[in-house]
Amino acid sequence: MVIVMNPTATAEQIKRVIGRVHNVGLRTHIVEGEFRTIIGIIGDKKTIMSLAVEALEGVEKAVPISSSYKLVSRDFHPQSSVVDVDGVKIGGGALVVMGGPCAVESREQLLEAAEIVKAGGAQFLRGGAYKPRTSPYAFQGLEEEGLVYLAEAKAATGLKIVTEVTDANAVDLVANYADMLQIGARNMQNFHLLRAVGRSSKPVLLKRGLSATIEEWLHAAEYIVNEGNYNVVLCERGIRTYEEYTRNTLDLSAVGALKHLSHLPVIVDPSHGTGKWHLVRPMSMAAVAAGADGLMIEVHPNPAEALSDGPQSLNPKNYMSLMNDVYKLSEFLKTQSE
Ligand code: PEP
Ligand code: MN
């Protein structure tokens, strides 16, 4: 249930409502909006119904939340959330781009990629130091050495760093180097890991599972938020279907569906979503038109030599041209909605 306080409710009245909820052993999540405070109540349904909070002073209404994910639902938080990653706002109206190689391969490769990503105007450098590969014989990543190169690239370019964490025990280590923790598709339902990043102070990028429904995905996000970390961004990266020409089927309807169901920002990864570099541009344009708050794009100084995901990585020239096009489209769309 969500308790919506009156815009004129005093701090004392809000405190009294929270006290009443805690007294019967229920938990609260407080959202201080621009105009009013919203109090989310989590716990036993019967106890919640017995509260009769609507009678308390300062309460405007009590709204039951029908979905089984609550904290990430739009019923709980009607305004769209903005996730601030060390000064870069995701969901605030400006398109955010995260670019970089699939994997950190070497110091030289990463620094070169970072300069290209920066020159194109992206805000984030991506790159996996821990790579969850389908085959145990494929390149598994440089691990901590890769994190060190990411930090060096950040110092050189000012780009924010987003990188994947695959193990709950490594969350603190990755958080020492990264501005944003990425949960990959293969770990979307690793609930132990979700809880661990939920206890981190770093924002989280939660990718959609390989075959996850939108509802399962939102439940995964709920695991993170339920631990107290509200800074979660969802990333559509394609799902497995019967189609084999593309690596995955990029589900752009998920952007609109998530915006309807949830307040969390949504970005799109057309690189993993299609597996083909020549489909990255049209799907990026479509994602921006569909209302995505950002894009994650694989870029490599020389895709033919990439240790992973070369076929879906843009070369520098195509990346520059894409950035020009997506920002032009994003600016145009803003003039249409004003
Ligand atoms: C990645 O972004 O590096 C990655 C492995 O993607 P996904 O988890 O979506 O497969
Ligand atoms: Mn990749």
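Residues numbered from 1 in each chain as written. Chains lettered and ligands numbered in written order. Predicted model: local features only at pLDDT ≥ 70, side-chain atom pairs only at ≥ 80, totals over all residues. Heavy atoms only, no water.

Draft legend 1. Spatial organisation of unusual backbone geometry. Even without glycine at this site, A52 takes up a positive phi of about 50 degrees. You can see A52 is positioned in the loop between α2 (45–49) and β4 (59–63). A52 sits in the partly exposed class, given a relative accessible area of 49%. In this structure, E143 is a non-glycine residue whose phi angle is positive, near 55 degrees. (Helix = DSSP H or I, 4+ residues; strand = E, 2+ residues; numbered from the N terminus. Buried < 20%, exposed > 50% of the residue type's maximum accessible area, 1.4 Å probe, protein only.)

Draft legend 2. Inspection of the side chain of H272 at higher detail. By the element assignment, H272 lies in helix α9 (residues 270–274). When its relative accessible area of 8% is taken as the criterion, H272 is described as buried. Among the polar contacts listed, one links the side chain of H272 to the side chain of D269, at a separation of 2.7 Å. Among the polar contacts listed, one links the side chain of H272 to the side chain of D309, at a separation of 3.1 Å. (Polar contact = N/O pair within 3.5 Å; in protein donor to acceptor, adjacent residues only side chain to side chain.)

Draft legend 3. Fine view of the side chain of T37. Mapped onto the secondary structure, T37 falls in strand β3 (residues 37–42). Using a relative accessible area of 9% as the deciding quantity, one classes T37 as buried. Dropping the residues within four chain positions of it, T37 is found in contact with I3, V4, M5, I14, I30, V31 and E32. (Contact = heavy atoms within 4.5 Å.)

Draft legend 4. Fine view of helix α1 (residues 11–23). Under the 1.5 Å per step criterion, the end-to-end length of α1 is 18 Å for 13 residues, consistent within 8% with the ideal 18 Å. Listing the buried residues of α1 in full gives Q13, I14, V17, I18 and V21. Viewed end-on, α1 has its buried residues packed into an arc of 135 degrees, placing them on one side of the element. Opposite the packed face of α1, turned more than 90 degrees from it, sit the exposed residues A11, K15 and N23. On the buried face of α1, the contacting elements are β1 (2–5), β2 (27–32), β3 and β4. Just downstream of α1 lies G25, where phi reads positive at about 85 degrees. (Expected span 1.5 Å × (residues − 1). Arc of directions from axis to C-beta.)

Draft legend 5. Structural detail: the site of ligand 1. Close to ligand 1 lie R126, K131, E164, Q182, G184, A185, R186, K207, R237 and H272. In this structure, an oxygen atom belonging to ligand 1 sits 3.0 Å away from a side-chain N or O atom of K131. Contact distances for ligand 1 include 2.8 Å between an oxygen atom and a backbone N or O atom of A185. Within the complex, the protein chains bury 96% of what would otherwise be the 290 Å² of accessible surface of ligand 1. (Near = heavy atom within 4 Å. Areas by Shrake-Rupley, 256 points an atom, 1.4 Å probe, with all protein chains shown as cover.)

Draft legend 6. Summary view of the nonpolar core. One finds L125, V165 and L206 to be the most contacted residues of the largest nonpolar core, which totals 75 residues. Considering each element in turn, this core owes the most residues, 7 residues, to helix α7 (residues 214–226). Two domains each put at least three residues into this core: domain 1 (2–63) and domain 2 (83–337). Beyond its immediate sequence surroundings of up to four residues, V165 is in contact with A170, V171, V174, L181, Q182, I183, L193 and V197. (Core = buried A, V, L, I, M, F, W, Y, C linked by side-chain atoms within 4.5 Å. Domains from an automatic or database assignment.)

Draft legend 7. Quick look at the sheet that holds β4. Judged by pairing direction, the sheet is antiparallel, and its 4 strands sit side by side in the order β2-β3-β1-β4 without closing on themselves. Each end of this open sheet is capped by a strand with a single partner; those strands are β2 and β4. Here the average twist between neighbouring strands, direction ignored, is 20 degrees. Two strands pair when backbone bridges link them, and β1 and β4 are joined in this way by 4 bridges, in the antiparallel orientation. Paired with I3 across the two strands is A62, which belongs to β4. (Pairing = 2+ DSSP bridges. Axes fitted to C-alpha atoms, helices over the stretch in contact; angles between N-to-C directions.)

Draft legend 8. View of the pattern of salt bridges. Here the structure, examined in full by the defined rule, presents 17 salt bridges. Residues E236 and R208 are paired through a salt bridge, measuring 2.9 Å at the closest nitrogen-oxygen approach. You can see E236 sitting in strand β12 (residues 232–236) and its partner R208 sitting in the loop between β11 (204–207) and α7, a full 28 residues away along the chain. The exposure classification of E236 matches that of R208, with both residues buried. D293 is paired through a salt bridge with K259; the nearest N and O atoms lie 2.5 Å apart. Of this pair, D293 sits in the loop between α10 (277–289) and β14 (294–298) while K259 sits in helix α8 (residues 253–261), and the two are 34 residues apart along the sequence. A relative accessible area of 23% means that K259 is categorised as partly exposed. Look at the salt bridges and you will find they share partners, linking D86, K154, K160 and D179 into a network. (Salt bridge = Lys/Arg side-chain N within 4 Å of Asp/Glu carboxyl O.)

Draft legend 9. Molecular detail of helix α11 (residues 316–337). An ideal rise of 1.5 Å per residue puts 32 Å on 22 residues; α11 measures up with 32 Å between its terminal C-alpha atoms. Considered for burial, the residues of α11 that qualify are Y319, L322, M323, D325, V326, L329 and S330. Looking at the buried positions of α11, the neighbouring elements they touch are β7 (96–100), α3 (107–120), α10 and β14.

None of the figures reported here should be taken as evidence of function without further support.
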